[in-house]
Amino acid sequence: MSAMTRFFASRWGIILAGTAIGVLAPLLQYLGNPKNMGICVACFERDIAGALGLHRAAVVQYIRPEIIGFVLGALVAAYLFREFRARAGSAPVVRFVLGMFAMIGALAFLGCPWRAVLRLAGGDLNAILGLAGLATGIAVGVQFLKAGFNLGRAQRTYAAVGWVLPLLMVGLLALLVFEPTFTKDGPIFFSKSGPGSMHAALWISLGAGLVIGILAQRTRFCTMGAVRDVMLMRDTHLLSGLVALLVVAFATNLYLGQVSFGFSPQPVAHSDHFWNFLGMVLAGLAFALAGGCPGRQLFLAGEGDGDAAVFVLGMIVGAAMAHNFGLAGAPDTVVEGAVKVGGLSPYGMGAVVLGLVVTVLMGFTMREKVARGGAR
Amino acid sequence: MNFIEVDARGLSCPQPAMMAREAIQAGQFPIEVVVDTVTSRENVRRIARMAGCSVEVEPAGDGFKLTIRK
């Protein structure tokens, strides 16, 4: 076990995790997932919110097995390697709000960092704006971290606390398998058209999710951390995983004939550059303050981190609000041969700006320096 | 021997690595860092090695103690 632990902690370990995602995500797209969305943590949590009826956007409703697999895969890996450690209590309500605004920012762009990279690997050049925004948001977060931003210490707690999110995922899996209808025309909702209706077979998606969950728990794969660690500590460890993801996903897409360069029209994307950028500034800042990208939060929740679980729930609620209030980006459409640029409603723009105000305020007001060293 | 002590228990990424890095840059050795997750242990170990330090790890209570020497 120890030699394996050493390998997974090495640069080759993180490259393996990025490679696995880079192969599996385009493959899931090939097998039915939406275009340039083989895996998108934000979009898939949004689909779950829709399936439960928390929002009623009929085209994005499905219980995505990949998300379930991520959490349960991380849980299995954490137990196999005796790393499951239930902990909680590091400003959970702040993490909830960060999760909400992270989702609102990500849905303005239409993707989490994973999907931003996957969109680029499929030729969607709007992703460049999204990734630039992400890096900018993380850079702002790094300044707060340098100034002492900290959400405080978590405490060790009952193992059962760490099991809450994994068990919720088991519950979601049951809803997916048995497809109950709770009220007439009511949930569980599964999209009949649009991205929500596009998915690989349940067990393939779940299997891919489990594999990625295990690998990512072992290697601590994190897209936000990849950028943050370079800015903060000149540490390129996590970055090698992110670069591997981009390169391998591009190669896999080429092989599968899934590359199409351009700005518009691109699948489930809009080409309003300013809001693509600013949406991801908000998401990047929220991820940086919360200490992990959406994927990483799922893996942390799987290994017992109750605070990461609260962030995940915040993201799901944020997705519901984004669609109920019309805050999410509208994709570009082609009307009679002409491209009609989508983008944000005025409310969506307002929500992104409000999110930036709130996250920056958090950055300024939660800077109590932790006791560094000294007596213990 | 006087140890510089860094208590990074309960803190999440990137705090433990930042605290270790700060202590290393302060230049007083040896440094003892206590952490409570394997992630923090590996992050602190990597940061110390990047700074050209030697690192010894031993279990301590719920977590680990890393002794960093230049």
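This report concerns the structure included in the present document. (Residues numbered from 1 in each chain as written. Chains lettered and ligands numbered in written order. Predicted model: local features only at pLDDT ≥ 70, side-chain atom pairs only at ≥ 80, totals over all residues. Heavy atoms only, no water.)

1. Here's the deal with the state of the cysteines
All names here are of chain A.
Then, number 1: Counting across every chain of the model gives 1 disulfide over all chains.
Then, number 2: Covalent S-S linkage joins Cys 40 and Cys 43, the inter-sulfur distance amounting to 2.3 Å. Residues Cys 40 and Cys 43 are joined by a disulfide whose S-S torsion is about 65°; by sign, that bridge is right-handed. One exposure class covers both Cys 40 and Cys 43, and it is buried.
Then, number 3: Left without a disulfide partner, Cys 222 is nearest to the cysteine sulfur of Cys 293, which lies 4.1 Å away.
Then, number 4: The class of Cys 222 is buried, set by a relative accessible area of 5%. (Disulfide = S-S within 2.5 Å. Buried < 20%, exposed > 50% of the residue type's maximum accessible area, 1.4 Å probe, protein only.)

2. Regarding a nonpolar patch on the surface
All names here are of chain A.
Then, number 1: Judged by side-chain polarity, Val 23, Leu 27, Tyr 30, Leu 31 and Ile 204 come together as a nonpolar surface patch covering roughly 420 Å² of accessible area.
Then, number 2: Here the nonpolar patch gets 3 residues from one element, more than from any other, and that element is helix 2 (residues 11–30).
Then, number 3: In this fold, Val 23 is placed in helix 2. (Patch = residues over 30% accessible without salt bridge, like charges linked within 9 Å, V, L, I, M, F, W, Y side chains within 5 Å. Areas by Shrake-Rupley, 256 points an atom, 1.4 Å probe, with all protein chains shown as cover. Salt bridge = Lys/Arg side-chain N within 4 Å of Asp/Glu carboxyl O. Helix = DSSP H or I, 4+ residues; strand = E, 2+ residues; numbered from the N terminus.)

3. Overview of the layout of surface pockets
It is the rolling of a water-molecule-sized probe over the atoms that shows where space remains empty.
Then, number 1: In this structure, the largest pocket occupies an estimated 450 Å³ of space.
Then, number 2: Those elements that place two or more of their residues in the lining of the largest pocket are helix 1 (2–9) of chain A together with helix 2 (38–50) and strand 4 (63–69) of chain B. (1 Å grid on protein atoms, 1.4 Å probe; cavity = no way out; pocket = protein on both sides within 12 Å on 5 of 7 lines; lining within 4 Å. Points joined across faces, edges and corners; volume = space filled by probe spheres on them.)

4. Quick word on the packing of aromatic side chains
Both the distance between ring centres and the angle between the ring planes are used here to describe each pair of aromatic rings.
Residue and element names in this part refer to chain A.
Then, number 1: On inspection of all chains with the given rule, the structure shows 12 aromatic pairs over all chains.
Then, number 2: Taking 6.3 Å as the distance between ring centres and 45° as the angle between the ring planes, the aromatic pair formed by Phe 84 and Trp 163 counts as tilted. One end of the pair, Phe 84, is in the loop between helix 4 (65–80) and strand 1 (87–88); the other, Trp 163, is in helix 8 (residues 159–178), with 79 residues separating them in the sequence.
Then, number 3: Overall, the relative accessible area of 12% leaves Phe 84 in the buried class. (Phe/Tyr/Trp six-rings, centres within 6.5 Å; stacked < 30°, edge-to-face > 60°.)

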